[in-house]
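# Breakdown of the fold
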Amino acid sequence: YRCGGCRRVLRHRDEAHVLIDEFGDGRQLTLDDLIQVPRVRSLAVYNVGSQGPIRQRLATFDDYVESRFDPSRPLGEALPDGFVNQDLQRLTFVDGRFDLVTSSHVMEHVPDPWVAFSEIARVLRPGGRMIFSVPAPFPLPDVSVARAEVRDGEVVHHAEPRYHSSPEGEPSLVFTDFGADLLERLHGLGFDTRIRRPHLQIQQAVRNLVIVGCRRAPEAHT
């Protein structure tokens, strides 16, 4: 099910569809069309990851940051390959720094994704969007399950270890299987959220899950 034009798989095409729907004005059919819109190009974007067609397009923006995590280097340090060293659980960016945060099959590999989501909420401005994809069964289970956690610097497994291949070709441990409670938990962290599955009619795409989280404005206190 690769696209006849761009040759991208359904997962990447789902992510592109969602970006077009969220930031377009109904006159863009492709991601290449979308990134030519001045209003869109002015967005401050943070992409978590190092590969994929979404990253390649967004990287042309003037205010674009991408990161990977090297635990041996100081957080916030510029890495030789153009990335910034960031731990999603301890981001070094100031509050409200970005309009858009994106990731593709990353959050399931974060030891504590709920802390990471809270940090993403912090660095998004009110009205900013977090758009990310994660693998998930269909239908979703009721509750997210921690397959592993880091305790006192050691990985403790609660289920048989499962690994995905990282962009570097190394095995990357899955820490969390997300469930339908993801939306409610993200709401509690300051997001209005919804699930998108643009290619749900194709059986092979039922495991493609794209989440859109819009950062709510902080509640006023009297």
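From a predicted model like this one, the values you see are computed outputs, not experimental measurements. (Residues numbered from 1 in each chain as written. Predicted model: local features only at pLDDT ≥ 70, side-chain atom pairs only at ≥ 80, totals over all residues. Heavy atoms only, no water.)

## Section: the packing of aromatic side chains
- Scanning the entire structure with this criterion turns up seven aromatic pairs.
- Ring pairing ties together the aromatic residues Trp114, Phe117, Phe132 and Phe178, which thus form one cluster.
- The ring of phenylalanine 23 carries arginine 129 above its face, with NZ or CZ at 5.5 Å from the centroid.
- The cationic tip of arginine 185 hangs over the ring face of tryptophan 114; the distance from NZ or CZ to the ring centre is 3.8 Å. (Phe/Tyr/Trp six-rings, centres within 6.5 Å; stacked < 30°, edge-to-face > 60°. Lys NZ or Arg CZ within 6 Å of the ring centre and 35° of its normal.)

## Some remarks on the confidence of the model for the protein
- With 91% of its residues at a pLDDT of at least 70, the protein reaches an overall mean of 90.
- The spread of mean pLDDT over the elements of the protein runs between helix H4 (residues 53–58), the lowest at 88, and helix H5 (residues 113–123), the highest at 98. (pLDDT = per-residue confidence, 0-100. Helix = DSSP H or I, 4+ residues; strand = E, 2+ residues; numbered from the N terminus.)

## Section: the side chain of asparagine 47
- Mapped onto the fold, asparagine 47 is located in strand E1 (residues 45–48).
- Here threonine 102 takes part through its side chain, which lies 2.7 Å from a polar atom of the side chain of asparagine 47.
- Those residues within four positions of asparagine 47 in sequence are excluded, and the remaining contacts are Arg55, Tyr64, Val65, Glu66, Ser67, Thr102 and Ser103. (Polar contact = N/O pair within 3.5 Å; in protein donor to acceptor, adjacent residues only side chain to side chain. Contact = heavy atoms within 4.5 Å.)

## Considering the pairing of strand E4 (residues 98–104)
- Within E4, six of the seven residues are buried, which leaves the element mostly enclosed by the surrounding structure.
- Direction of pairing for E1 relative to E4: parallel, over a ladder of four bridges. Of the residues in E4, the one forming a bridge with valine 45 is leucine 100.
- Summarising the sheet, E4 and strand E5 (residues 124–135) pair through six bridges and their orientation is parallel. (Buried < 20%, exposed > 50% of the residue type's maximum accessible area, 1.4 Å probe, protein only. Pairing = 2+ DSSP bridges.)

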